[in-house]
Structure formats: C-alpha cells, structure tokens
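# Coordinate analysis (summary)
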Amino acid sequence: MKSRFAPSPTGYLHIGGARTALFAWAWAKKQQGNFVLRIEDTDRERSTQVSVDAILDGMNWLGLDYDEGPFYQTQRFERYKAVIQQLLDEDKAYYCECSKERLDNLRETLMAKGEKAMYDGCCRDKALTSADHRVVRFKNPMEGMVIFEDTVKGKISIANKELDDLIIARSDGTPTYNLTVVVDDHDMDISHVIRGDDHINNTPRQINLYQALKWDLPEFAHLPMILGSDGARLSKRHGAVSVMAYRDAGFLPEALLNYLVRLGWSHGDQEVFSLAEIVSLFDLKDINKAPASFNEEKLLWLNQEYIKNATPEHLIEHLEWHLQYQKVDTRNGADLALVVASLQQRSKTLVEMSEGLKMFYQDFDEFDENLANKQFKDKVPLEVLVKKLSQLECWKANEIKSIIKQVCDELELGFGKVGQPFRLALSGNGNAGSIDLVAELIGKETTLKRLTKAINYEC
C-alpha cells in the first residue's frame, strides 16, 4: 500500500493541504505502507523555491515524515515526453493548432447558448504533425461512461460526452497536470489517491488516461472541503491559513494535527487524539461526505489542553523559536523548565508563554501606569514586605507565602491589598501566576529590587 501528498509549490502549505497530507500519512501508517511526498512543480511561471521550502518546512514542523521523496516533476520531463509520444503513436492523442482567439470565441458562443464550455474536437481528425505553438490533446472516448467507486463519496459516474479532449502537453512542450499526475502515480506505485474534492472533476479524465495506457487504477478518496465560520470556502480572509502561521502564533504541531484530523473524520465523541491513536483509529471509510467548518476557538482550546498536559521539556523544544524571535535569553536566571511548568496552566499559546517568560529573565522599564496608580498608592504593604523578605534566609515559595500572610495579619489587610501590588511589582503588568512561586523563581535580589522600584514609583 502506498499513498502520497502532491502539493503544487505556488504558495505556502495551507490548512487544507496539511489535512490532506495528514489523512494520506495516517492511512499509510495504518496500513503499514509507504507515504510519498511529490512536488508538482510543472507550472514554471507560478512555482517558486520559496514555496517549495515552505512546504518542506511545514511538513517537518508537523512531523509528517515521508518514506519516499521529495520527488520533483520538473526532473521527470523525459518520462512525460515518452508517455505523450506513446499516446500519439497509438493514435490516442493528437496535435491541435487552435488559437487562443478561436478557443475564447468558442467558449463565449457555447456559454451564450447556455451550453457547457468544451473543446469541440476541431483538430481531432486533422492528423497534424508537431509544430511550434501546437498543443497535444488526449483523445477522450466519445461514448460510454466513466464509473468509479470513491472511498468517501461512493459511486460516481459521468458520461464521456461531458468530457472534452484535454490538453496533455502545452505549446512549449511541457506536460500538464492531468498527464503528469497519472504517470507519477503509476510509476510510483501509488495505490491510494487521497486528495481534496476540488480534484474530483479531474478524476474521470485521469481514469480515461489510465485505461488508454492500460494501467491499473488506484483507489480514490476525495476529501470534503473545509469551510470558514461563515460557510464560505476557507480562504485568507478567514485568518491565518498557512501552516507556519500557526507555528508563529504559538500553536503546537500536535494540537493542529489533532484539530485537522477532526475536520471531516471522527471516532465517537473523542476530541483529543495522540498521533499514535490517530494512526490506530483512522479509516478512510469514516471520513464524512459533508464539508467541515474551521473553528479557531476550538483550535485554541485544543492547543491550551496540549500545553497543559505537555512536559516542560517538550514545550521548551517548541518555545525555542519564539524565544529567539522575541530575543529572550534564558541562559542566566531561573531554571527554564521550572518557569515553563509555572506557566503551563495559564497559557493558551506559546506566544503567551514566551511573553510570560520575560519577567523571569528581563527587567522592565515601566509599570502599567493605570494599575500602578491604583496598586502603589499605599506604599506601606510594600515597605513591610521588603523589610521582612530581606531578612528571609530560605528563599522558597512556602516561606515567601508565609511572609505575605504575616504582612496581611500585621496590617490587618486582605490578601489582595498585599498580593496585588506585589504581583504588579514583580511583573510590571500584573500578569503573573502564584506570587510566592514567581518570587522564588525570579530570585531574592531581583524581587527586592523590583519591590523597591515600586515603592519609589510616584503615583
């Protein structure tokens, strides 16, 4: 068994493509088969190395390892040329000299009549030979039906008269998508073609090519499209649709994969799946036929669940990029694993976590003005805190907590009257978790320094 992911490098790896890759990957792993990565870069005008790199980076970040590839179609032109010549020699393809103007006029005329815009076979029987600016068209059967069983959609049939003679080689000699995909899937022994249902109209044409070349057909599984929250097809206007944009926004790859697998597939009411569970439980027959809706809030919830339950070491691995981007140096200061553990329960994204990390490793210039004018108006709690904490020999969270309680009791104040200004003094913005643990991790010297800074703040 062998499946493949075959993106076109004309843009970044987007959410729809990532889900297709995941489903093809999961099915290959489930069947103990091979997963192939193929870059379909025959569109030379639109394909870029930047897009190729983005696809490879996205696959690597998601952890969707491929057993074969990446293969590049631009390295296989001689093979495509040979197949096209074979079809010409067997009278299953022909040269066409129709100009763009003629084709445009034909399309407009047919559409004006309310008919389907199709090529009329003008050059089919002219027996033209090779010449500049002539394309090659495949002789699609004129009668009969194309019938195939799609694993997701069920039985699909279309009359051959609804299909025109598609171009398989452009005027510059380069092959077109429908030809290359058939040749590649055959040559690479692809047994399962898993792709978005935007390709479903191509499938009957490709089946006719398979049959003309006397090749065995793979199994087809066309995945339902992904919709935005407004019911329209997912696009850039719905937010970040590039996979790496989610990395940049602080999502864990396993959280995104977990969310993507639930877009069109389910296993009972289970929401959270490990990669091992996805492979174990996944089945193409369980994919829904209806489109799936992308919900950013659900993804954010799932990401938070993964952050809560991850090991600090795993989070540190994925935090590294964010810390470098935000120029946070964690080499001097508290144990990073302990700091990460202290932030896990209150961070929805790694961006939030990296922001929360800063106060443990960087001093801040200013306090939040609105909060400081309110919290630092009475300096007495802070002054008593400094006095008692400076005398503390065992700088541990439980001892610091005991000091805070002593100050509350001594001044007959509620915890908030002492704890809130302490929290603001430590963080600069009031965003900190358990104050005693934060103070322990920041260290005695820095804690006292920041408390003194708060006492000197002029309200």
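Throughout what follows, the structure given in this document is the object of discussion. On a predicted model such as this, the values are computed, not experimentally measured, just so you know.

In total, this model carries 14 aromatic pairs according to the counting rule given. Centre to centre, the rings of W265 and F273 are 5.3 Å apart; their planes meet at 55°, and the pair counts as tilted. The same class applies to W265 as to F273, namely buried. Aromatic pair F364 and F367: ring centres 5.4 Å apart, planes at 65°, arrangement edge-to-face. Look at F364 and you get buried, because its relative accessible area is 16%. Members of the aromatic cluster, joined through ring pairs, are F23, W27, W265, F273 and F282. Above the ring of W321, the side-chain terminus of R247 is found at 4.0 Å from the ring centroid. Here K453 stacks its cationic end above the ring of F367, 5.5 Å away from the centre of that ring.

Turning next to unusual backbone geometry. Cis geometry marks the peptide bond from G69 to P70; its omega dihedral reads 5°. If you trace the backbone, P70 turns up in strand β3 (residues 68–72). The backbone of A127 sits at a positive phi, close to 55°, despite the residue not being glycine. Position of A127 relative to the elements: it lies in the loop between α4 (100–112) and β5 (135–138). For A127, a relative accessible area of 68% translates into the label exposed. For K214, which is not glycine, the phi dihedral falls at a positive 60°.

The next point concerns the environment of F251. Among the secondary structure elements, F251 is positioned in the loop between α7 (243–248) and α8 (253–261). On the basis of relative accessible area, F251 is assigned to the buried category, the value being 6%. Beyond its immediate stretch of four places on either side in the chain, F251 contacts W61, Y246, E296, L299, L300 and N303.

Here we come to the pairing of strand β1 (residues 2–5). On β1, burial covers both faces: K2 and R4 on one face and S3 and F5 on the other are all buried. Sheet analysis places β1 next to strand β2 (residues 34–39), joined by 4 bridges and oriented parallel. The residue of β2 that forms the bridge with F5 is L37. Regarding the hand of the β-α-β motif, the stretch spanning β1, helix α1 (residues 15–30) and β2 is right-handed.

Next up on the list: the sheet that holds strand β8 (residues 167–169). Read from one edge of the open sheet, 3 strands run β4-β5-β8, paired in antiparallel fashion. The open sheet terminates on both sides in strands that have one partner only, identified here as β4 (93–96) and β8. Ignoring strand direction, the axes of neighbouring strands in this sheet form an average angle of 45°. The pairing of β5 with β8 spans 2 bridges and is classified as antiparallel. Within β8, the residue paired with R137 across the bridge is I167.

Here is what the cut-offs are and how they apply
- Residues numbered from 1 in each chain as written.
- Predicted model: local features only at pLDDT ≥ 70, side-chain atom pairs only at ≥ 80, totals over all residues.
- Heavy atoms only, no water.
- Phe/Tyr/Trp six-rings, centres within 6.5 Å; stacked < 30°, edge-to-face > 60°.
- Buried < 20%, exposed > 50% of the residue type's maximum accessible area, 1.4 Å probe, protein only.
- Lys NZ or Arg CZ within 6 Å of the ring centre and 35° of its normal.
- Helix = DSSP H or I, 4+ residues; strand = E, 2+ residues; numbered from the N terminus.
- Contact = heavy atoms within 4.5 Å.
- Pairing = 2+ DSSP bridges.
- Right-handed = clockwise from strand over helix to strand, strands pointing away.
- Axes fitted to C-alpha atoms, helices over the stretch in contact; angles between N-to-C directions.

Coordinates in, geometry out; function isn't part of it.
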